[in-house]
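# Architecture at a glance
Listed below, chain by chain, are the residues.
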Amino acid sequence: MDPDSVAKAFVEHYYRTFDTNRAALVGLYQEGSMLSFEGEKFQGAAAIATKLTSLPFTKCAHTVVTVDCQPAGPTGGMLVFVSGSLQVDGEHHIKFSQMFHLMPIGPGNFYVHNDMFRLNYG
């Protein structure tokens, strides 16, 4: 399994789901998962889903510019770093960075163990 292909497929799936049905992202997280969103931390799938679905906009469109990937640890995990821009409710584009630590849960399947998101102003 090529890590770059896995990372690309994950990123496409994640942002397509985020932009069309944020509530469905809950299936990508587990109870041990953690999200850091603009410095605020959320633990567990339910808390993460609550945060993501309560963001104060109705429409969002992500444009991914770069995806970088590295193997992470002896258990087959993967670090995925994404940069790009997003547009909410038709406003100006804002640059963002996001890092995912994916952990395997069976052949070819991963969950998000760690997720860090930041808007990039300036």
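- If you look the chain up in an unreviewed UniProt entry, it shows as NTF2 domain-containing protein from Aegilops tauschii subsp. strangulata.
- The record held by UniProt for the chain lists under Function (unreviewed entry) the comment "Has a role in nuclear-cytoplasmic transport of proteins and mRNAs."

### Here we look at the pairing of strand β5 (residues 94–104)
- Here β5 lies mainly inside the structure; 8 of its 11 residues are buried.
- Strand direction decides the pairing type here: strand β4 (residues 77–88) and β5, joined by 9 bridges, are antiparallel. Across the sheet, phenylalanine 81 pairs through a bridge with methionine 99, a residue of β5.
- The sheet contact formed by β5 and strand β6 (residues 110–120) spans 10 bridges and is antiparallel. In the sheet register, glutamine 98 faces β6, and the bridge partner there is phenylalanine 117.

### As for the UniProt feature "domain: NTF2" (unreviewed entry) in the chain
- Within this structure's numbering, the places UniProt gives as "domain: NTF2" (unreviewed entry) are residues 6–119.
- For residues 6–119, the helix share is 21%, the strand share is 52%, and the end-to-end C-alpha distance is 25 Å.

### Notes on the packing of aromatic side chains
- A complete count under the given rule lists 9 aromatic pairs for this structure.
- For the pair tyrosine 14 and tyrosine 15, a centre-to-centre distance of 5.0 Å together with 85 degrees between the ring planes defines the contact as edge-to-face.
- Looking at tyrosine 15, the relative accessible area reads 4%, which means it is buried.
- A centroid spacing of 4.8 Å and a plane angle of 65 degrees characterise the contact between tyrosine 14 and phenylalanine 100, whose relative ring orientation is edge-to-face. Of the two residues, tyrosine 14 is situated in helix α1 (residues 3–20) and phenylalanine 100 in strand β5; the sequence distance between them amounts to 86 residues.
- Ring pairing ties together the aromatic residues Phe10, Tyr14, Tyr15, Phe18, Phe37, Phe96, Phe100 and Phe117, which thus form one cluster.

What counts, and at which threshold
Residues numbered from 1 in each chain as written. Predicted model: local features only at pLDDT ≥ 70, side-chain atom pairs only at ≥ 80, totals over all residues. Heavy atoms only, no water. UniProt positions renumbered as here; feature names shortened; annotations may be inferred. Buried < 20%, exposed > 50% of the residue type's maximum accessible area, 1.4 Å probe, protein only. Helix = DSSP H or I, 4+ residues; strand = E, 2+ residues; numbered from the N terminus. Pairing = 2+ DSSP bridges. Phe/Tyr/Trp six-rings, centres within 6.5 Å; stacked < 30°, edge-to-face > 60°.

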